[in-house]
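# A closer look at the structure
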Amino acid sequence: MQDILRVLWQVTPLKPPRIWQNCSRCDARTPFVCSGRFRINAQRKRLDAWLIYRCASCDQTWNYPVLERGLLKNIDPSVFRALSENCGDLARRHAFDLPRLRRYSDQVEEFAEVTVEKRLRDRCVHEPGQVVISIASSLPCRIRLDRLLAGELGLSRSTVQRLHDAAMLVVSPGNRAAMRQPVRDGQTVAIDLRSLERTPDLVSAILKGAA
Ligand SMILES: [Zn+2]
């Protein structure tokens, strides 16, 4: 039986989407960038909260509503604290809520740059015959699967595509177009290493920086 090397790649987008809006100060349509800070306003028994965006040209603010007229008594104290402390996780969750962002602008600009954190899933296999990469992404990523694999494996995109066409690289769940589509949480990529040249290089690329 061949040895399988199992790794987890946690893929995280580097930048939240920008929202294109009409900027009153620039008197033009400009991209607004998430500041990562919240503004909250408690009045009587109600709470409003916004995530603050700034015009990329002039710093004019646009407040993205994340909580509207919420009843204070119904708001979890941990959520209230996260809003008051500008919790990064909470800000990211709202900043990547694409369906909701699109209610405020027909132009939500996403970015393909990601960071990849690698972890070994089990013992290190000395000379693996197959590598199974599990992809986890808790936020939506725009990077295409072939670009991610090519970049992280040090291969050309045409080589990645050739391996896919030859079924030496199998994506699941996947389809013929999977390589050109954005990576998805829960996807696995199995690479048959037996007939590949430079296998040790590829294995070290797959593991590079792995914890
Ligand atoms: Zn502006």
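Bear in mind the structure is a predicted one, so any value in this text is a computation, not a measurement. (Residues numbered from 1 in each chain as written. Predicted model: local features only at pLDDT ≥ 70, side-chain atom pairs only at ≥ 80, totals over all residues. Heavy atoms only, no water.)

### Brief notes about the domain arrangement of the protein chain
Filter applied, for reference: Domain start and stop points were drawn from an automatic or database domain assignment.
Under the domain assignment used here, the protein chain contains domain 1 (4-14 + 112-207) and domain 2 (18-109). Look at where the C-alpha atoms of domain 1 and domain 2 centre, and you get two points 35 Å apart.

### Brief notes about a nonpolar patch on the surface
Rules: Patches in this entry comprise residues that are over 30% relatively accessible and not in a salt bridge; like charges within 9 Å are linked, as are nonpolar side chains (Val, Leu, Ile, Met, Phe, Trp, Tyr) within 5 Å. Per-residue and other accessible areas follow the Shrake-Rupley method at a 1.4 Å probe size, with only the shown protein chains counted as cover for residues. Salt bridge, as used here, is a side-chain nitrogen of Lys or Arg placed within 4 Å of a carboxyl oxygen of Asp or Glu. Note on conventions: DSSP H or I runs of at least 4 residues are helices, E runs of at least 2 residues are strands, and numbering of each starts at the N terminus.
Taken together, the side chains of Ile 40, Leu 72 and Phe 80 make up a nonpolar region of the molecular surface, amounting to roughly 200 Å² of accessible area. Among the secondary structure elements, Ile 40 is positioned in strand β3 (residues 28-43).

### Observations regarding the side chain of Asp 192
Put simply, the rule is: Any N or O atom pair separated by 3.5 Å or less is treated as a polar contact, with the protein-specific requirement of one donor-capable and one acceptor-capable atom, and with residues adjacent in sequence counted only for side-chain atom pairs. Here, residues are in contact when the closest pair of their heavy atoms is within 4.5 Å.
Note that Asp 192 resides in strand β10 (residues 188-192). Within the structure, Asp 192 has its side chain in polar contact with the side chain of Arg 194 (distance 2.7 Å). Not counting chain neighbours up to four residues away, the residues in contact with Asp 192 comprise Gly 129, Gln 130 and Met 168.

### Concerning the sheet that holds strand β7 (residues 114-120)
To keep it simple, the criterion reads: In this scheme, strands are said to pair when DSSP sees at least two bridges between them. Think of each axis as a best-fit line through the C-alpha atoms, taken over the contacting stretch in the case of a helix, with angles from 0 to 180 degrees between the N-to-C directions.
Taken in spatial order, the five strands make up an open sheet running β7-β1-β8-β10-β9, and their pairing is mixed. Looking along the sheet, the strands with just one partner apiece sit at the ends: β7 and β9 (169-172). Going across the sheet, the axis of each strand differs from the next one's by a mean of 20°, ignoring polarity. Of the pairings in the sheet, the one linking strand β8 (residues 130-136) to β10 comprises five bridges and is antiparallel in character. Directly across from Gln 130, in β10, lies its bridge partner Asp 192. Sitting on the sheet, helix α4 (residues 145-153) touches β1 (4-13), β7, β8, β9 and β10, and the angle it makes with β1 is about 115°.

### Concerning helix α6 (residues 199-207)
Using the following cut-off: Each residue's exposure class comes from its accessible area (1.4 Å probe, protein chains only) as a fraction of the maximum for that residue type: buried when under 20%, exposed when over 50%, partly exposed otherwise.
Inspection of α6 places Thr 199, Leu 202, Val 203, Ala 205, Ile 206 and Leu 207 among the buried residues, and these make up the whole buried set. Looking at the buried side of α6, the elements it contacts are β1, β7, β8, α4 and β10. Gly 209, located one to two residues past α6, shows a positive phi value of around 80°.

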